[in-house]
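Residue-level listing of the chains:
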Amino acid sequence: MRYHDLDTPALLIDRDILLANLRLMQTYADRHHTRLRPHAKTHKMPALARMQMDAGACGIAVAKTGEAEVMAGAGITDIFIANEIVGRAKLERIRALQATATVSFGVDAPCQVEAAEAVFRETSGMAQVLVEIEVGENRSGIIEEADFIALLSVLRACPHVQFRGIFSHDGNSYEARNLADCHRIATEAQRRTLRFAELARAQGMPCAVVSYGATPTLMNGVEILDGITELRPGTYALMDASQGHAVGTLAHCAATVLTTVISRPTAERTILDVGAKGLTMQCRTQGICATPGLGTVLEYPDVHIDAMFDEHAILLNRAFHDAVRIGDRVRIIPVHICPVCNLYDTAYLISGEEVLEEIPVLCRGRLT
């Protein structure tokens, strides 16, 4: 079956580009003598997680307990939930998962550790946690060294919670001004992460895991400092238009959305049958990931989506309008692939024009 024969919109993944991306990042991790733990929140597909494991990854990261449940059910046995876990319900679900997989999760406050101790103590189980370190993204994670030391003290007092190490995410690299700034952000983030690893060692609690990374820094080949044990990129597997701009080429973009021209109502306006419900309305306007429009046409890389409704994409480009007819198919490179994958039940693995396999997006909608 040719992908042109699929109904639209449809999420396509180019197998050859995907495999090249997996090899590229695994080689990069191996060269720096670090483990690779891909963040599977990007694709939400156990089949792709298995491909990453087969390429050499030590395990995967996810964002949600529900994603961990799906991945464990598909046979992935080493999972890190790279997020703070709050609430008894989630802790009980993680405790249940320990029967079939090694599952660790993030914390950044004493109350999270104490709650884990209370739940895992009930069955004499062992919660495995990593402390998140804030390195410039201005999101979650420990900021002050004194708070980190206090948290380590709480961890020491909780016999059913095992401290495995620390993790960080330099998401601020998405808005780096240029490649030099991207490398600066990466170096500063690693140094800050390693500083907290030193603090833990000084407290008699050495880190077995020092996990770091985001796709823009790693795809741009930043130097990995000694002491980082694990890299945790996500978008690298499929890439998207914003990541393509960050590395200077769209050639790594494995994921596209196949769509149909459904209307040409004016001399320049073209309408496609995919909108915010199939592409999102996310845009990136700053830094190395800045991307024109709301999506890029693969076959016409200088043409971008100008506006979006729920089920319609609007392109205002006279040359594109004159080049296509109603019923023609084009492929859109999303601005940000992670939320796009969550919009589809199925992805189609392709090679050239042939559909090789239909892959279920089994973690779709796993928000808890």
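Chains are numbered independently. Their residues run from 1 in the order of the written sequence. Where totals are concerned, whole chains, interfaces and linings use all residues; where local detail is concerned, this predicted model gives features only for residues with pLDDT of at least 70, and gives and counts side-chain atom pairs only at 80 or more. As a rule here, side-chain values cover all heavy atoms of the structure and leave hydrogens and water aside.

A. Expanded view of helix α5 (residues 110-121). Put simply, DSSP H or I for four residues or longer makes a helix, DSSP E for two residues or longer makes a strand, and each gets a number counted from the N terminus. Working rule for helices: expected span equals 1.5 Å times residues minus one. Its 12 residues place the ends of α5 16 Å apart at the C-alpha level, agreeing with the 16 Å of an ideal helix rising 1.5 Å per residue. Exposed residues in this analysis have more than 50% of their type's maximum accessible area, buried residues have under 20%, and partly exposed residues fall in between, with area computed by a 1.4 Å probe over protein chains only. When we look at burial in α5, the residues that qualify are Gln 112, Val 113, Ala 116, Glu 117, Val 119 and Phe 120. It only takes one pair of heavy atoms within 4.5 Å for two residues to be counted as in contact. Where the residues of α5 are buried, they touch β4 (78-84), α4 (88-97), β5 (102-107), β6 (127-132), α6 (145-156) and β7 (161-167).

B. A look at the nonpolar core. Core analysis: the largest hydrophobic core is formed by 104 residues, its most contacted members being Leu 18, Phe 105, Val 131, Phe 148, Leu 155 and Ile 166. If near-sequence neighbours (up to four positions away) are discounted, Leu 18 is found in contact with Ile 13, Leu 48, Met 51, Ala 237, Leu 238, Ala 254 and Leu 349. We call a set of buried Ala, Val, Leu, Ile, Met, Phe, Trp, Tyr and Cys residues a nonpolar core when their side-chain atoms join them within 4.5 Å.

C. Looking closely at the confidence of the model for the chain. Known as pLDDT, the predictor's per-residue confidence is scaled from 0 to 100. Of all residues in the chain, 100% attain a pLDDT of 70 or more, and the chain-wide mean is 97. Predicted confidence in the chain is weakest over helix α8 (residues 215-219), with a mean pLDDT of 96, and strongest over strand β1 (residues 10-14), with 99.

D. View of the sheet that holds strand β8 (residues 209-212). One open sheet accounts for 8 strands, arranged β2-β9-β8-β7-β6-β5-β4-β3; its pairing is parallel. The two strands at the open ends of the sheet, each matched to only one other strand, are β2 (35-36) and β3 (60-62). Two strands are said to pair when DSSP picks up at least two bridges between them. Strand direction decides the pairing type here: β4 and β5, joined by 5 bridges, are parallel. Bridge assignment links Ile 79 to a residue of β5, and that residue is Val 103.

E. View of the environment of Ala 254. Relative to the assigned elements, Ala 254 resides in the loop between α9 (241-247) and β10 (255-263). As a C-alpha pair, Ala 254 and Ile 13 span 241 residues in sequence and 5.3 Å in three-dimensional space. Every residue in contact with Ala 254, bar those within four places of it in the chain, is listed here: Leu 12, Ile 13, Asp 14, Ile 17, Leu 18, Asn 21, Ala 237 and Leu 238.

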